[in-house]
Amino acid sequence: MPGKLKVKIVAGRHLPVMDRASDLTDAFVEVKFGNTTFKTDVYPKSLNPQWNSEWFKFEVDDEDLQDEPLQITVLDHDTYSANDAIGKVYIDIDPLLYSEAATVISGWFPIYDTIHGIRGEINVVVKVDLFNDLNRFRQSSCGVKFFCTTSIPKCYRAVIIHGFVEELVVNEDPEYQWIDRIRTPRASNEARQRLISLMSGELQRKIGLKVLEMRGNAVVGYLQCFDLEGESGLVVRAIGTACTLDKLSSPAAFLPACNSPSKEMKESPLVHPPSHGCRSTHNSPIHTATGSRLTQNFSVSVPTLIYTGMGSGSAGKEGGPFKALLRQQTQSALEQRGGSPHRFCRRREFPFFTLTAFPPGFLVHVGGVVSARSVKLLDRIHNPAFVGIMGNTRSYKLLDWNSFNSDEPETRDAWWAEIRQEIKSHAKALGCHAVVGYSESTSICEEVCILSASGTAAVLNPRFLQDGTVEGCLEQRLEENLPAGCGFCHIPYDELNMPFPAHLTYCYNCRKQKVPDVLFTTIDLPTDATVIGKGCLIQARLCRLKKKAQAEANATAISNLLPFMEYEVHTQLMNKLKLKGMNALFGLRIQITVGENMLMGLASATGVYLAALPTPGGIQIAGKTPNDGSYEQHISHMQKKINDTIAKNKELYEINPPEISEEIIGSPIPEPRQRSRLLRSQSESSDEVTELDLSHGKKDAFVLEIDDTDAMEDVHSLLTDVPPPSGFYSCNTEIMPGINNWTSEIQMFTSVRVIRLSSLNLTNHALNKNFNDLCENLLKSLYFKLRSMIPCCLCHVNFTVSLPEDELIQVTVTAVAITFDKNQALQTTKAHVEKSLQRASTDNEELLQFPLELCSDSLPSHPFPPAKEHLESASSNSGIPAAQRATSVDYSSFADRCSSWIELIKLKAQTIRRGSIKTTVTVEKTSPMGEGNFRNRSAAPCANSTVGVVKMTPLSFIPGAKITKYLGIINMFFIRETTSLREEGGVSGFLHAFIAEVFAMVRAHVAALGGNAVVSYIMKQCVFMENPNKNQAQCLINVSGDAVVFARESELEVVSTQQPAANCQPACTGGEVTT
Amino acid sequence: MTSELDIFVGNTTLIDEDVYRLWLDGYSVGDAVALRVRSGILEQTGATAAVLQSDTMDHYRTFHMLERLLHAPPKLLHQLIYQIPPSRQALLIERYYAFDEAFVREVLGKKLSKGTKKDLDDISTKTGITLKSCRRQFDNFKRVFKVVEEMRGSLVDNVQQHFLLSDRLARDYAAIVFFANNRFETGKKKLQYLSFGDFAFCAELMIQNWTLGAVDSQVDDMDMDLDKEFLQDLKELKVLVADKDLLDLHKSLVCTALRGKLGVFSEMEANFKNLSRGLVNVATKLTHNKDVRDLFVDLVEKESSQSCEAPSCCAPSVTPDGCLHRMADEQSRFAPKIRTHEPRPPKPSRRNFNHSATGPAPYFFHSGFIEV
């Protein structure tokens, strides 16, 4: 019985009027966890009840603690009839289960009802007491931290990156249960919300177990998705990267956070991996300071990876993805429920990483994008309930999901295993042993489901996968291997056995290694990459009509179309990239959506000019019928237009690479025309392999042959893409290459558009145009709306396409606009350094200067050059220091590396200076200021009325601020329905209100955890359905992110002495408890 | 291709001041778009009309959703759904409760009932303010009235506390509520030349001097209902006309106080007897509700009748300012006069005229007069 959950219901406010007669409400609250329910007293006749209940205590297994959400239902007491529900609050108590996150959840939660939306707020306090559990066979995984962030979280350091974890759970969708025929939609939606909440908890727990098995303590890049498969059920699946993280003590300031390093050091070896992370075993290595100690605690199993290039010739044998896809499709049609393949030992099976940004030195080479898709038929369950009411009892038994679903997860697992296997083999073909920036997605329409997976094949530094502690050694090795800034571009595959035809040149940076002419990746731009100019958002958009068909015929039709779509999307991307005068794509995400009568493809990426890669050739237009004079003229006119556009774009994005005389490089870039010919001959000679090669050299990328009007239109559409208005930039990666002086103003937003196609002119061409216009107009609208923020950049622009109905296209965009300062680039560098020096001298002289001096002394031995910057990043650990040149580099990871090293020095310093630090801490403990900074929302719920601001961002950082603490993952699922659509302002009014409510609920949960921001926020699903004739609509939204506490850098400067002490507080108290 | 759904939701709710103004002014989305196009925004930003349309719709929807909260401004501060910086919240509230001078003159002193609401069409056509905007303003008046009526404490403070308005706007609302409660007739043709500001100034003085609250009694409606006892006492002012000695004493007191502060001083001094008689006549009649309602009409009528007898003095006083000075003069003059006769001890709150000093410049003399 390892946990006690305590809940207190304090008060309510702004409740709705439930009794028309008195215009008041007699509210009471039901608190439910698992199967236990408590009730508060009825607080009569008030819209602002003060229950001030006792502590309701639930004594539960930690397994339940992880799975179950806390359900709080607010009801209106009615003497004569049934009590009316006002609304509910689901609280995920997971953040309370690991040691350093929140210790209490306390605050105002919006009371949510699926029909009425938010109806007032309720003030709740939740606490958990965990007891020690040394049971080896336990099923819970309390203490494993989850992060949505797809990089190592800012105040942690990766000791080991273990690798891929995945899991899925299947259940029946309550909406399709027999009981749904007799209950209200509201009850069914509530059942759905509850179930999904439960399933996510279970999934997270299971993944946690896998992580513990791997001896990790965290999951980074955790991505959980729902597949609403309709009648065949509901699948909740998740992938992530298991890591062992080490908390950087006080990254924000110089004072060491832990006041008793000796104690920590003594105790950490005692910690057993199975129990580490639990609240009760507080002295887990998470707080320890030196990395080298840790290696002793963890016996590391080495991932079975192939380190060097693959065996020659293996590439050719790999079938193209589409061949495989066809194969699978036919198989799946037969396979349906039958042979569920065995599960292999999952560990290390797939060397995949969901991360998109990495610690320096982790990424050695990048091969290219690998992706795989597969079309599957969802099984239709024969449901006797549909026959008649008589069948009810029987059908219920049949539908008992324990029995009938028993093989379902296996089937789904097998499907994904197939795809992952394929991805793995593609990566191998590229000479890579790992896949980074890996993600999975599905698109479902009726009973057809497209499963997609994509990632970037890469060669990783094996050292990180075992132990990341021998950093000095590691860096030296790296230094030998790769020159900074271009290493990752060098081809990982064997030049003679190229997996696909690509044009190789010597690296423009180091001139030693070969690089491809274009590079596509799904990851963020590595921090040390040398980029020229700025980046921009590049999108390829495509629609394909498809005949309406049933089951297998439908699946076949789709899988026949897929390769063509993929090919075209790729061609578009390539052309647009060239048109922008750039040579690499980062953050590439190709989404293929299936609808009743069409397929949609949308690819988004951020184009950049990598200094290491060759200058991209132009685009040549060639006509098929060269005889016609006027035609020739027309073509030359187009050609001129294209050339002009390229020149203009180069100017716009400030791409002016240094001129390098070609002799030096040794392999001159052929004239575009020449080169294309060269490529073509190559591609002709190679057989199947070309199919694999979507991500690289393509003949059509260079020469556009205008042989029909369609192609003509394509060229036109290329030219009609309007650049964003001046002062605006956009990208879909974390940061914009080339901009580094962000100011602190951010605005996260979600925009949704649905268009109805007129069914008359449904040709591929018209469809394409409509879709293109839709996206372009959406972007234009965004630019217009956010014009007051100029100069600004839209970062992490995330487009999602869905086809809710026959003629409807829905596009959902989530992004964040960040302002930046045009003029301060250079000055800030100086200012920062001066400031940090000042701080150093004023705050605590010797202690601070000690590491700084050492730091600068040791500079020559480090690979990154400018002393100033180094100093700065080490001292202020600022996320975005201004770079010297126009190159866009986020130096924070350098800083991370430095600070962990500085810690070592600090430790030494501490032995001398410990006395003084201790006094600081004790002072802080009593000072209300320190507490106030930390978490004071619980103190006086009613007194402080103003609502605290909670920032939301899809990025992993907050510009101009430091994340001081991660409080836990936010993963919420809501359904909203209405039967009075017109009255609520139509579809737009309905969805607008709902999204605003979702934001509000996310903010409220974060605030209750004591946080002030959500990072890595993502809206994973927004399924909207309407029935205007019935005046009804319904929407499902699933969002997630990491709740954090951040402090402005300016504030940090002021309270730099207080902050670390405050940080340290829970650790200290925890230590006291255990010792 | 038709757009079925088009929304934009920011974590921080975007508020476009220009669009907000258009919305408050009651323009439809179409009109608002046309007006925005005319403002040249397309040229400035390079946007298309479709973008503008979508943007305007979006803002309108946001405002529509916020309107519910604006009806009870403290709710806007405490709600969690829309994250709006405090300065923006203040702007939203202040602008929402702002009203048009032309409109308020039409409804000032009228009962804020459904009947009046029906007449809004006429007011709309008369003033050129859109019906929508008229309704909003009318509903605002009514809402404020409903909330603060039967409430204890200072009227201005109550308005400010429950609607979070600026000081200035809260005073205006106090005046509107006061006029609506006492149903003072302000719509007569004779009174047309008076501005809302003039009336608001009067209202403020009357709240300070004539109401129950003025005598410090803590009862409901203290600042809204006139002190009946006080009105009754006004009858005794007759002696100021009847008794020659008192008339002279009154004249000398007033003249001392006003000397050098009034442009038309000499005319006033010359006509003092007539003026005083007119005022006293109005004052003594105030025991009847009907006469209370007609207070302003009567005051102005008296002035006009005076003007026939003494054209020289009336020339200036027919102007709104002059007349108002006089009226304000009247009301405040009642107070000290009463005090001289009444057995009741002087009430400090009645003396508290400092507020009027903050009013428009022309009225300054008045406060000087009182403080004597």
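Residues numbered from 1 in each chain as written. Chains lettered and ligands numbered in written order. Predicted model: local features only at pLDDT ≥ 70, side-chain atom pairs only at ≥ 80, totals over all residues. Heavy atoms only, no water.

### Remarks on the overall build of chain A
Check the secondary structure of chain A and you find 26 helices and 31 strands. The buried share among the 1075 residues of chain A stands at 63%. Taking as baseline every contact in chain A between residues at least 6 positions apart, the subset at least 24 positions apart corresponds to 79%. A total of about 39700 Å² of accessible surface is found on chain A, and carbon and sulfur atoms cover 52% of it. (Helix = DSSP H or I, 4+ residues; strand = E, 2+ residues; numbered from the N terminus. Buried < 20%, exposed > 50% of the residue type's maximum accessible area, 1.4 Å probe, protein only. Contact = heavy atoms within 4.5 Å. Areas by Shrake-Rupley, 256 points an atom, 1.4 Å probe, with all protein chains shown as cover.)

### Digging into the domain arrangement of chain B
Interfaces are often described in size by the accessible area the parts lose on coming together. Residues and elements named next belong to chain B. Domains assigned within chain B are domain 1 (17-83), domain 2 (98-182) and domain 3 (228-371). Just the C-alpha atoms count here: the centres of domain 1 and domain 2 sit 24 Å apart. Between domain 1 and domain 2, the contact holds seven residues from the first and nine residues from the second. For the pair domain 1 and domain 2, the two sides together bury roughly 770 Å², of which 59% comes from carbon and sulfur. A per-residue breakdown of the area domain 1 buries against domain 2 is headed by Leu24, His71 and Pro73, which together make up 48% of the total. (Domains from an automatic or database assignment. Buried area = accessible area lost by both parts, 1.4 Å probe.)

### Overview of the sheet that holds strand β15 (residues 448-460) of chain A
All names here are of chain A. If you walk across this open sheet you meet the three strands as β13-β15-β14, and the pairing is antiparallel. Of all the strands in the sheet, just β13 (363-377) and β14 (434-445) have a single pairing partner and so form its edges. This sheet shows a mean twist of 10 degrees between the axes of neighbouring strands, independent of strand direction. Across 13 bridges, the pairing between β13 and β15 is antiparallel. Among the inter-strand pairings, Lys376 is bridged to a residue of β15, identified as Cys449. (Pairing = 2+ DSSP bridges. Axes fitted to C-alpha atoms, helices over the stretch in contact; angles between N-to-C directions.)

### A short note on the sheet that holds strand β29 (residues 961-978) of chain A
Residues and elements named next belong to chain A. The four strands lie next to each other as β28-β30-β31-β29, forming an open sheet whose pairing is mixed. Edge positions in the open sheet fall to β28 (951-952) and β29, since each of these has one partner strand only. For β29 and strand β31 (residues 1032-1048), the ladder comprises 16 bridges, and the chain directions are antiparallel. Bridging across to β31, Ile969 finds its partner in Asp1042. In this fold helix α2 (residues 185-213) packs onto β29 and β31, with an angle of close to 150 degrees to the strand it touches most, β29. This element, helix α24 (residues 986-1008), spans β28, β29, β30 (1013-1027) and β31 of the sheet and lies at about 145 degrees to β29.

### Quick word on the nonpolar core
In a soluble, globular protein the nonpolar side chains are often hidden away together inside. Residue and element names in this part refer to chain A. Judged by nonpolar contacts, the single largest core of 213 residues is most densely connected at Leu5, Ile9, Leu70, Ile72, Ile91, Ile122 and Val126. Among the elements that take part in this core, α24 stands out by supplying 15 residues, more than any other. Residues within four places of Ile72 in sequence aside, it is in contact with Ile9, Val29, Glu30, Val31, Gly87, Lys88, Val89, Ile91, Ile122 and Val124. In this structure, Ile152, Phe362, Phe488 and Phe586 belong to the second largest nonpolar core, which totals 45 residues. (Core = buried A, V, L, I, M, F, W, Y, C linked by side-chain atoms within 4.5 Å.)

### Some points on the pattern of salt bridges
In the structure shown here, the tally under the stated rule is 37 salt bridges over all chains. For A:Asp113, the salt bridge goes to A:Arg186, with nearest N and O atoms at 2.7 Å. Note that A:Asp113 is positioned in strand β7 (residues 104-113) and A:Arg186 in helix α2, a separation of 73 residues in sequence. Between A:Lys785 and B:Asp58 there is a salt bridge, and its shortest N-O distance comes to 3.6 Å. Of the two residues, A:Lys785 is situated in helix α18 (residues 764-785) and B:Asp58 in helix α4 (residues 49-70); the pairing between them involves two chains. For the pair shown, A:Lys785 and B:Asp58 are each scored as buried. (Salt bridge = Lys/Arg side-chain N within 4 Å of Asp/Glu carboxyl O.)

### Some words on the packing of α4(B) against helix α6 (residues 86-97) of chain B
Two quantities define a packed helix pair, namely the angle between the axes and the distance from one axis to the other. Residue and element names in this part refer to chain B. At a minimum axis separation of 11 Å, α4 and α6 run at an interaxial angle of 80 degrees. Classified by the angle their axes make, α4 and α6 are roughly perpendicular. Along its contact with α4, which presents Leu66, Glu67 and Leu70, the element α6 presents Leu92, Ile93, Tyr96 and Tyr97. Looking at the contact of α4 with α6 residue by residue, the class counts come to six nonpolar, no polar and one charged. (Parallel < 35°, antiparallel > 145°, perpendicular 65-115°, else oblique. Nonpolar A, V, L, I, M, F, W, Y, C, P; charged D, E, K, R; others polar.)

### Overview of the pairing of strand β6 (residues 84-91) of chain A
Residue and element names in this part refer to chain A. Burial within β6 is extensive, with six of its eight residues counted as buried. As judged from the seven bridges shared by strand β5 (residues 70-76) and β6, these two strands associate in the antiparallel manner. Within β6, the position partnered with Asp76 by the bridge is Asp84.

### Some words on the packing of aromatic side chains
For the structure shown, the criterion picks out 42 aromatic pairs over all chains. Their ring planes at 45 degrees and their centres at 5.9 Å tell us that B:Phe178 and B:Phe184 sit as a pair that is tilted. Residues B:Phe178 and B:Phe184 agree in their burial class; the two are buried. The cationic tip of A:Arg13 hangs over the ring face of A:Trp108; the distance from NZ or CZ to the ring centre is 4.1 Å. (Phe/Tyr/Trp six-rings, centres within 6.5 Å; stacked < 30°, edge-to-face > 60°. Lys NZ or Arg CZ within 6 Å of the ring centre and 35° of its normal.)

### Regarding helix α16 (residues 244-258) of chain B
Residues and elements named next belong to chain B. The terminal C-alpha atoms of α16 lie 21 Å apart, and with 15 residues this matches the ideal 21 Å at 1.5 Å per residue to within 8%. Here α16 has its buried residues at Leu247, His250, Val254, Cys255, Ala257 and Leu258. Buried residues in α16, looked at end-on, bunch into an arc of 160 degrees, giving them a common side. Away from its buried face by more than 90 degrees, α16 exposes Asp245 and Thr256. Gly260 occupies a position one or two residues after α16 and carries a positive phi of about 80 degrees. (Expected span 1.5 Å × (residues − 1). Arc of directions from axis to C-beta.)

### A look at the side chain of B:Asn158
Assignment of secondary structure puts B:Asn158 in helix α11 (residues 155-163). Judged by relative accessible area, B:Asn158 falls into the buried class, the value being 6%.

### Remarks on the pairing of strand β3 (residues 36-39) of chain A
All names here are of chain A. In the sheet, strand β2 (residues 27-33) pairs with β3 via four bridges, with the strands oriented antiparallel. Residue pairing in the sheet places Glu30 in a bridge with Lys39 of β3. Remark: two residues form the turn of the hairpin made by β2 and β3, two consecutive strands paired antiparallel; Gly34 in that turn has positive phi of roughly 60 degrees.

### Things to note about the interface of chain A and chain B
Every contact between the two is made by 49 residues of chain A and, on the other side, 35 residues of chain B. Both faces considered, chain A and chain B share a buried interface measuring about 3800 Å² in area, 60% of it formed by carbon and sulfur atoms. Sorting the residues of chain A by area buried against chain B places A:Phe784, A:Lys785 and A:His992 first, and these three jointly supply 21% of that buried surface. On the surface where chain A and chain B come into contact, there are five salt bridges. In this structure, B:Asp55 engages A:Lys785 in a salt bridge whose closest nitrogen and oxygen atoms are separated by 2.7 Å.

### Some details on the state of the cysteines
As used here, a disulfide is simply a covalent bond connecting the sulfur atoms of two cysteines. Under the criterion given, the structure shown has zero disulfides over all chains. We note that A:Cys793 lacks a disulfide partner, and the nearest cysteine sulfur, in A:Cys795, lies 3.7 Å from it. (Disulfide = S-S within 2.5 Å.)

### Examining the packing of helix α1 (residues 17-24) of chain B against α6(B)
All names here are of chain B. Axis separation between α1 and α6 bottoms out at 11 Å; the angle between their running directions is 25 degrees. Considered as vectors, α1 and α6 are oriented roughly parallel to each other. In the crossing of α1 with α6, the sense of the turn from one axis to the other is right-handed. Here α1 contributes Glu17, Tyr20, Arg21, Trp23 and Leu24 to the contact with α6, which in turn contributes Arg88, Leu91, Leu92, Arg95 and Tyr96. Within the contact of α1 with α6, the residues separate by chemical class into six nonpolar, no polar and four charged. (Left-handed = near helix turned anticlockwise from the far one by under 90°.)

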